[in-house]
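Observations on chain architecture
Given next are the chains, with one letter for each unit.
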Amino acid sequence: MSTLVSGHPSELSRSKRSYQDTRNGVFQYVSDHLIYEILLRTPAESLLVLKSVCKDWCSIIKDPNFIRQHCDHHMTKEQSIGLVSLLEREDCSGIYDLTNINKLCKTGNEFGNLERQNEQLQLSTHADGRLLKITSCNSFVCFHTEFPLHMWNPVTRELMMLPKPGIRNNKEVATGCGFGFDASHNEYKVIQLYKRVDDSTLGYEVLTLGTAMSWRRPIQQKDSLLHPNFWEFESGQEAIFVEGSLYWHATEHILCFDVTTERFELIQVPDRTHLKLGSYCELLVGFDRKSLCFMSHDETHEMLHLWKMQQRHCSDKKSIWIKGYSIDVSFISVPDTHITPVCIRGKKIYLRYGNGLACYDTESQAFVKAVFRNGGADCCEFVAYTKSIVCLKDIVGSSFVSSLEPNC
């Protein structure tokens, strides 16, 4: 069965004939249940090619329930975690260089298939002079300023430009956005946050991905929240999606939005008073795909502290957070650059520093520096995503979707 686990569809087309030959050979003796289980364990890149084997397999692979089960099954698998880097060009032309990272160095471990090389792509977008950020929601890599701009699946290579929300000039100020998944209704949602100018309360709009693709303003909570002071207010706060909720870092609190109920709540950040931090930077991180983490990078003492949220609804607020790691990052410290965890893969934590990625082994407590570097740039962004065959065209229709292909 080794033919089922290879690279991107463009690399596998030459093997399609052998798949078709085996359909009337070996697989005629295999039960439908076993075929389903085999497909469920097959990497996402290979499933796109296997859709062409026969109508039965195509029907299975395109079924929304199968896609959801496949995504859940591979959520924590090491080889199913993808990485993408984003780098703005110096000429400020609105063109950004993307790298779909399939190969790292020096770790003895690869992202994806061993034979696949890193893919270079170009994204053209109009950020209107604002800082373009990159985040992820399950299978999708999402690009945004304080406004949502694009969603992209690196496996299917589908790219979608999102419609603009209805922010009212002079009455409302856009302050952030987020991308989430409502598992109860199998719906992807985009959230636009804004501050009302007259009373500084928090408002929001919701875009549910579908054929309608129109923003709506839900009935607001009766207990209107004052708009929180986001940590990166000027450039638009980056939201973290974890287990059905979106989180924004708001100084001493975390703003939480339940994607299903569409309700907000505030969560206290961990107690750091005992650490006696020097000059520091704090961020939210969702780097193990299943839990929210709070990070504090103490630049003075060159330490990185991580807390993990174990339970959100708890009478004892101090029990919400448990201390995870305290990492000496002096080995990878770069002046005037924050160090940020990107993802965890097995026992290894991948951290962004400057224009590169470093790997920290939690067992040996040792670093492998520069497992990936993005040219001569001073700084670039990285994001992790779960490889999946969720097709944007099946969700919103073909009119909203284009293709983002690697450079020739």
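Just above sits the structure.
Residues numbered from 1 in each chain as written. Predicted model: local features only at pLDDT ≥ 70, side-chain atom pairs only at ≥ 80, totals over all residues. Heavy atoms only, no water.

Helix and strand counts for the protein stand at seven helices and 26 strands. With 408 residues in all, the protein has 53% of them scored as buried. When the accessible surface of the protein is totalled, it reaches about 18900 Å², and 48% of it is carbon and sulfur. (Helix = DSSP H or I, 4+ residues; strand = E, 2+ residues; numbered from the N terminus. Buried < 20%, exposed > 50% of the residue type's maximum accessible area, 1.4 Å probe, protein only. Areas by Shrake-Rupley, 256 points an atom, 1.4 Å probe, with all protein chains shown as cover.)

The subject of this paragraph is the sheet that holds strand 2 (residues 95–101). Read across the open sheet, the four strands follow the order 3-2-1-25; overall the sheet is antiparallel. Across the chains shown, the open sheet's two edge strands, defined by having one partner strand only, are strand 3 (119–124) and strand 25 (381–386). Pairs of neighbouring strands in the sheet enclose a mean axial angle of 25°, with direction left out of account. In the sheet, strand 1 (residues 81–88) pairs with strand 25 via six bridges, with the strands oriented antiparallel. The partner of G82 across the bridge, within strand 25, is Y385. (Pairing = 2+ DSSP bridges. Axes fitted to C-alpha atoms, helices over the stretch in contact; angles between N-to-C directions.)

The next subject is the sheet that holds strand 26 (residues 401–403). The antiparallel open sheet is built from five strands, whose spatial order is 4-5-6-7-26. The strands lining the two open edges of the sheet, one partner per strand, are strand 4 (133–137) and strand 26. Taking the axes of each pair of neighbouring strands and ignoring which way they run, one obtains an average angle of 30° across the sheet. Of the pairings in the sheet, the one linking strand 5 (residues 140–144) to strand 6 (residues 148–153) comprises four bridges and is antiparallel in character. Within the sheet, the bridge partner assigned to V141 lies in strand 6 and is W152.

For residues that are not glycine, phi is negative in most cases, and the peptide bond is trans in most cases. Phi is positive for E243, close to 50°, though the residue is something other than glycine. By the secondary structure assignment, E243 is in the loop between strand 13 (240–242) and strand 14 (245–250). One non-glycine residue, E262, adopts positive backbone phi at about 55°. Following the sequence through the fold, E262 ends up in the loop between strand 15 (253–258) and strand 16 (263–268). Overall, E262 belongs to the buried group, its relative accessible area being 11%.

Note on placement: H297 falls in strand 18 (residues 293–298). For H297, a relative accessible area of 3% corresponds to the buried category. Side-chain polar atoms of H297 contact the backbone nitrogen of I339, separated by 3.3 Å. (Polar contact = N/O pair within 3.5 Å; in protein donor to acceptor, adjacent residues only side chain to side chain.)

Scanning the entire structure with this criterion turns up 11 salt bridges. A salt bridge links E37 to R41; its shortest N-O distance comes to 2.5 Å. We classify E37 as partly exposed; its relative accessible area is 23%. Given the relative accessible area of 47%, R41 is considered partly exposed. (Salt bridge = Lys/Arg side-chain N within 4 Å of Asp/Glu carboxyl O.)

Here we take up the packing of helix 3 (residues 32–40) against helix 5 (residues 55–62). Where helix 3 meets helix 5, the axes come as close as 11 Å, and the angle between the chain directions of the two elements is 55°. One way to sum up the angle between helix 3 and helix 5 is to call them oblique. For helix 3 against helix 5, the interelement crossing comes out right-handed. Across from I35, Y36 and L39 in helix 3, the residues of helix 5 making contact are W57, I60 and I61. Split into classes, the residues belonging to the contact of helix 3 with helix 5 amount to six nonpolar, no polar and no charged. (Parallel < 35°, antiparallel > 145°, perpendicular 65-115°, else oblique. Left-handed = near helix turned anticlockwise from the far one by under 90°. Contact = heavy atoms within 4.5 Å. Nonpolar A, V, L, I, M, F, W, Y, C, P; charged D, E, K, R; others polar.)

Among the residues of helix 6 (residues 64–74), those classed as buried are F66, I67, H70, C71 and H74. Seen from one end, helix 6 has its buried residues packed into an arc of 135°, which puts them on one side. In the core, the buried residues of helix 6 are packed alongside helix 3, helix 4 (44–50), helix 5 and strand 25. Sitting at the head of helix 6, D63 places a side-chain oxygen 3.0 Å from the backbone nitrogen of N65. (Arc of directions from axis to C-beta.)

Attention shifts here to the side chain of D361. The topology assignment puts D361 in strand 23 (residues 356–361). It is K348 that comes nearest to the buried, bridge-free D361 among opposite-charge side chains, at 4.1 Å. Setting aside its immediate chain neighbours within four residues, D361 contacts K347, K348 and A366. (Lys, Arg positive; Asp, Glu negative; His and termini not counted.)

So, on to the layout of surface pockets. In this structure, the second largest pocket spans a volume of roughly 330 Å³. Lining the second largest pocket are 16 residues, and of these H126, D128, F147, L149 and K164 sit closest to its centre. Examining the composition of the lining of the second largest pocket, we find that three residues originate from one element, strand 6, more than from any other. (1 Å grid on protein atoms, 1.4 Å probe; cavity = no way out; pocket = protein on both sides within 12 Å on 5 of 7 lines; lining within 4 Å. Points joined across faces, edges and corners; volume = space filled by probe spheres on them.)

Here we take up the packing of aromatic side chains. Tallied over the entire structure, the rule returns 11 aromatic pairs. On the basis of an interplanar angle of 65° and a centroid distance of 5.4 Å, the ring pair of Y204 and F257 is categorised as edge-to-face. Taken together, the residues span a long stretch of sequence, with Y204 in strand 10 (residues 202–208) and F257 in strand 15 at a distance of 53 residues. Each member of the pair, Y204 together with F257, is buried. Between the aromatic rings of Y204 and F264, the centroid separation amounts to 5.1 Å while the plane-to-plane angle is 80°, which identifies the pairing as edge-to-face. Of this pair, Y204 sits in strand 10 while F264 sits in strand 16; the two residues are 60 residues apart in sequence, bridging distant segments of the chain. For F264, a relative accessible area of 10% translates into the label buried. In this structure, K323 is placed above the aromatic ring of W307, and the distance from its NZ or CZ to the ring centre is 5.2 Å. (Phe/Tyr/Trp six-rings, centres within 6.5 Å; stacked < 30°, edge-to-face > 60°. Lys NZ or Arg CZ within 6 Å of the ring centre and 35° of its normal.)

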